[in-house]
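Here is how the chains run, residue by residue.
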Amino acid sequence: MSIFTINSFDQYKESYTCSVENPTLFWDQIAQHYTWFKPYTEVSRFSMEDADFSWFNGGETNITFNCLDRHLPELSDKTAIVFEPNDPSEPHQEITYGELAKRVAELANVLLKKGVGKGDRVCIYLPMIPELAISLLACARIGAIHSVVFAGFSAGALASRIDDCSCKMVITSDGGYRGNKTIDLKAIVDEALVQCPTVETVLVVERTKEQINMTEGRDFWLKNELSTVLSECPAESMQSEDPLFILYTSGSTGKPKGMMHSTGGYMVYVGYTFQNVFQYQPSDVFWCTADIGWITGHSYILYGPLLNGATTVLFEGIPSYPDFGRFWSVIEKYKVTQFYTAPTAIRSLAKEPLSWVEKHNLSSLKIIGSVGEPINDEAWQWYFENIGKSTCPIVDTWWQTETGGILISPIPGITKLKPTYATLPLPGIQPILMNAEKELIDKNETDGSLCIKFPWPSIARTIWGDHQRYKDTYFTAFPGYYFTGDGAWRDEDGYYRITGRVDDVIIVSGHNLGTAPIEDAINEHQFVAESAIVGFPHDIKGNALYGFVTLKDGIGDFDENQLKKEINQYVSDQIGPIAKLDKIQFTSGLPKTRSGKIMRRILRKIAEGDFSSFGDISTLLNPEIVDEIKNQAL
Ligand code: WT7
C-alpha cells in the first residue's frame, strides 16, 4: 500500500520514524505521488545556519498540472469548486475540473498577452469569487509569481505590498460583497497605484457592476480580454525551486514580510498534509472558511484540495449574514464532510443561541478543524458537542504562513485527541522545546520556545528581497533551528499544546504567566464570550494583569463587582491566586485583525495608560472599538 495515505496509528508511527531516520527515502516516496516533467536528482539540500533550503533539485513540474491536467482523464466532470455567494439567494456555481482547467488556461493566455511571463510578480486583490482561485492557478500555469493581498486591506497596505515585490500587474474587481456591505475594491486599487510605478496592467473582474473609473491603456475588463484568447495553455515547466508565490505576513516589528514559497516542495507537502490531516476520501466535500488571501486559503482551499482531486467550497460571505446560521446552512446545503475554521469564529457563534445550529442538519460532517490561534477548552467543547455532535474528531492544526502547510495536528480517527492540544507532529516534522538559556529541553511535562529541528519541503525559502531578515527572524534566536515565535507545552505523552506567542508571556511577581490559560479560565464563566489579558507595570509585582472581557448577549442585569470577583475566582481556581487580575474592564468587543487575532499591542498600551499613539490600526476589523476601550479604561 502507498505510504502517501496514513490509515492507522502504527502506520503514522512507521512513517514518522522513517521521516526522521531517513528523510531522503521518506520524502522521495511521498514525492513520487506527483507528476514531474523531469525527475529530480536530489531530494534535498540545506543549511539551517544560512537559512538555505532546496528540495527535489533538478526536478521540473507545474503545480497546476498536478491540480488539473493530471485529474482530467478521470475527473473532468467532477466538481472542483463550489462557489457559495455572499447572498444566499444568488445562484451558487459548481465548476468542474474540466471547466476549471479551461478557465485557468484562458486567463493564463490573457496574462501572457499582456506581457506577464515566468518570474514576473502579479498582485491579486479580489474578493472570494471563482476568479480569485482561477487567478492564482493562471499565474502558476505560466510561472508568474502570485502575491495575493487580502481584499480587506487598505490602499496603503496594498501599495506597500505591490511595491515591495514590484508587481507588473494587478488583478482586481469592480467591488466585493461582505454581508450587507459593498467594498469598492477598484477605487482602492486606483488609490494605491498612485504610488506603484511598476504596475503596467490592471485586469478588472466584474462583480458588483458598480460605476468605476478605468484608466485608458492600463485597465482592462477581464471578460473582454477572455473573449480574445484560446482555451488551451500548456503548463510551463518549472524548476522545483522556482518561486510559486509570495504572501505577506506581519512581523512583531517592521514592515510586513513577503514570505516566498517555491514550487516543488510546497506542492509535495501541501498535497500530503491535506490528504492525511483531513483523511480525504474521493466523495468528500471539503470546506475551509478562511480567505484565499491568507496562507490557510492558499494551502487548504485551493492547492491542497485540488492536488487531491477534491471538491472544495469557496464561500464569499461571512458567518453572521444573513443570520448566525449561515455556516451551518452551507454545511447542510452541500453536505460538507470536512469543515475547517478558526477559534474566533467558533467563539463568536457559540455566543449566539444554539437554535441557529439546531435548525440545520449537520450529519454529513466527519471531521472538523481549527486553525489560527490556540483553541480554548470551552470553545473546543462547544465545537465538539454542538457541531461535531460528539462524534467528529477535531483537528487542531498548528502551522504558520512561513511553514506553508500544517506541521502539528492529530490525524483524525487515528491520533487520540486531547482537547486544546494540537497533539503530535506530522511525519517529517521534528519539533523541539528550548529553554531561556537556549538549551534543548529533553523531558516532557514542560514548556518552552517551540523550534523545529529539521527542514520540511514547504518551509518558506526567504523573505522577498531580504534574506538577512529571514535569517535574523527565524534562525538566529536558537542557532541551528527554526524558531516559530510560539511557546508550547509538551505533556507526559509528548503531545504539544501551543500556548501562544512567546512575546505574550507576562511575568508577575517572578512567575511566568501565559495569557492563553488565564483567558481560558475566564472564558469558562457562563457570562463571558471572550477575553484578552495583557500586562501593565506594577510597583510591587513588576507586572500585573489587566483583563479585557466581552460578555455574551442577553445576560440582563448583573452586579459588575460581583462578576469581577467570580471571574477572579475562576482564574484562581484554575491557575492559582498568582494569576488573579488586578483590573477587569468589560467591553463590547476586542480589537482584532482581519484574520481574527486580537491586537494585544493596543490593549497593552491602554492597560499602561499610554494613549499617545496606537500606531497603525488600519488593518483592524473594528477600529472603532479602540476609542470605546480607551474611554472606559480603568
Ligand atoms: C501563528 C501563525 C497557519 C494558519 C493561519 C495563521 C498561531 C496557528 C494555531 C493553532 C495555536 C496557532 C501561532 C502561529 N496559530 N494555528 N492550531 N494553535 N496557535 O497563520 O497568520 O502565519 O499565524 O498563528 O501563534 O505562530 P499566521
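Residues numbered from 1 in each chain as written. Predicted model: local features only at pLDDT ≥ 70, side-chain atom pairs only at ≥ 80, totals over all residues. Heavy atoms only, no water.

A. Geometry of the site of the ligand. The environment of the ligand is formed by 16 residues, the closest being D396, T397, Q400, T401 and D486. Residue D486 places a side-chain N or O atom 2.6 Å away from an oxygen atom belonging to the ligand. Bound to the protein, the ligand loses 90% of the 560 Å² it would expose on its own. Contributing elements (two or more residues each) for the shell around the ligand: α11 (295-307) and β26 (496-501). Per-class residue counts for the shell around the ligand are six nonpolar, five polar and five charged. (Near = heavy atom within 4 Å. Polar contact = N/O pair within 3.5 Å; in protein donor to acceptor, adjacent residues only side chain to side chain. Areas by Shrake-Rupley, 256 points an atom, 1.4 Å probe, with all protein chains shown as cover. Helix = DSSP H or I, 4+ residues; strand = E, 2+ residues; numbered from the N terminus. Nonpolar A, V, L, I, M, F, W, Y, C, P; charged D, E, K, R; others polar.)

B. Focus on the pattern of salt bridges. Scanning all chains against the criterion turns up 31 salt bridges. Here K114 ties to E225 by a salt bridge, and the two come within 3.3 Å at their closest N and O atoms. Linking K114 in the loop between α5 (97-113) and β6 (121-125) with E225 in helix α9 (residues 222-226), this pair joins segments that are 111 residues apart in sequence. With a relative accessible area of 19%, K114 lands in the buried category. (Salt bridge = Lys/Arg side-chain N within 4 Å of Asp/Glu carboxyl O. Buried < 20%, exposed > 50% of the residue type's maximum accessible area, 1.4 Å probe, protein only.)

C. Representation of the nonpolar core in the model. One finds W27, L100, L111, Y303 and Y470 to be the most contacted residues of the largest nonpolar core, which totals 115 residues. Leaving out residues up to four positions away in the same chain, Y470 has contacts with A51, F53, M259, I459, A460, R461, T462, I463 and F475. (Core = buried A, V, L, I, M, F, W, Y, C linked by side-chain atoms within 4.5 Å. Contact = heavy atoms within 4.5 Å.)

D. Structural context of the domain arrangement of the chain. Parsing the chain into structural domains produces domain 1 (93-236) and domain 2 (505-633). One C-alpha centre belongs to domain 1, the other to domain 2, and the line joining them spans 40 Å. Taken residue by residue, the interface counts five residues in domain 1 and four residues in domain 2. Both faces combined, the contact of domain 1 with domain 2 buries some 320 Å², and carbon together with sulfur accounts for 64% of it. When the buried surface of domain 1 facing domain 2 is broken down by residue, F150, G152 and F153 rank first, second and third, together holding 65% of it. In this assembly, domain 1 and domain 2 are joined by zero salt bridges. On the surface where domain 1 and domain 2 come into contact, there are zero residue pairs in polar contact (both at pLDDT 80 or more). When the residues that make up the side of domain 1 that touches domain 2 are grouped by side-chain class, the tally is two nonpolar, two polar and one charged. (Domains from an automatic or database assignment. Buried area = accessible area lost by both parts, 1.4 Å probe.)

E. Representation of the environment of L424 within the structure. Its location among the elements puts L424 in the loop between β20 (394-396) and β21 (431-434). The exposure class assigned to L424 is buried, which follows from its relative accessible area of 12%.

F. Focus on unusual backbone geometry. The peptide bond linking Y321 to P322 adopts the cis configuration, its omega dihedral lying at -5°. The phi dihedral of Q279 falls on the positive side, at around 40°, and the residue is not glycine. Positionally, Q279 belongs in the loop between α10 (263-277) and β16 (285-288). Q279 sits in the buried class, given a relative accessible area of 16%.

G. Main features of the state of the cysteines. Scanning the entire structure with this criterion turns up zero disulfides. Looking at the unpaired C67, the closest cysteine sulfur is the one in C139, lying at 14 Å. Judged by its relative accessible area of 0%, C67 is buried. Not part of a disulfide, C196 finds its nearest cysteine sulfur in C167, a span of 8.2 Å. By relative accessible area, C196 is classed as buried at 3%. (Disulfide = S-S within 2.5 Å.)

H. Summary view of the packing of helix α7 (residues 155-164) against helix α8 (residues 185-193). α8 packs onto α7 with a crossing angle of 55° between their chain directions and a minimal axis gap of 8 Å. Taken together, α7 and α8 sit at an angle that is classed as oblique. When the axes of α7 and α8 are compared, the crossing they make is right-handed. Residues A155, L158, A159 and I162 of α7 touch α8, and the partners they reach there are I188, V189, E191, A192 and L193. (Axes fitted to C-alpha atoms, helices over the stretch in contact; angles between N-to-C directions. Parallel < 35°, antiparallel > 145°, perpendicular 65-115°, else oblique. Left-handed = near helix turned anticlockwise from the far one by under 90°.)

I. Inspection of the packing of aromatic side chains at higher detail. Under the definition given, this model contains 50 aromatic pairs. Judged by centre distance (6.4 Å) and plane angle (50°), the ring pair of W328 and W382 falls under tilted. Here W328, found in helix α12 (residues 326-334), pairs with W382, found in helix α15 (residues 377-387); they are 54 residues apart in sequence, far enough to count as distant. The class of W382 is buried, set by a relative accessible area of 14%. Look at F558 and F586: their rings are 6.0 Å apart centre to centre, the planes differ by 85°, and that puts the pair in the edge-to-face class. Separated by 28 residues along the polypeptide, F558 in the loop between β30 (542-551) and α18 (560-574) and F586 in strand β31 (residues 583-586) bring together distant segments of the chain. F558 sits in the partly exposed class, given a relative accessible area of 32%. Residue placement shows K114 over the ring face of F220; its charged tip is 3.5 Å from the ring centre. Seen from the ring of F478, K438 lies directly overhead, with NZ or CZ sitting 5.1 Å from the centre. (Phe/Tyr/Trp six-rings, centres within 6.5 Å; stacked < 30°, edge-to-face > 60°. Lys NZ or Arg CZ within 6 Å of the ring centre and 35° of its normal.)

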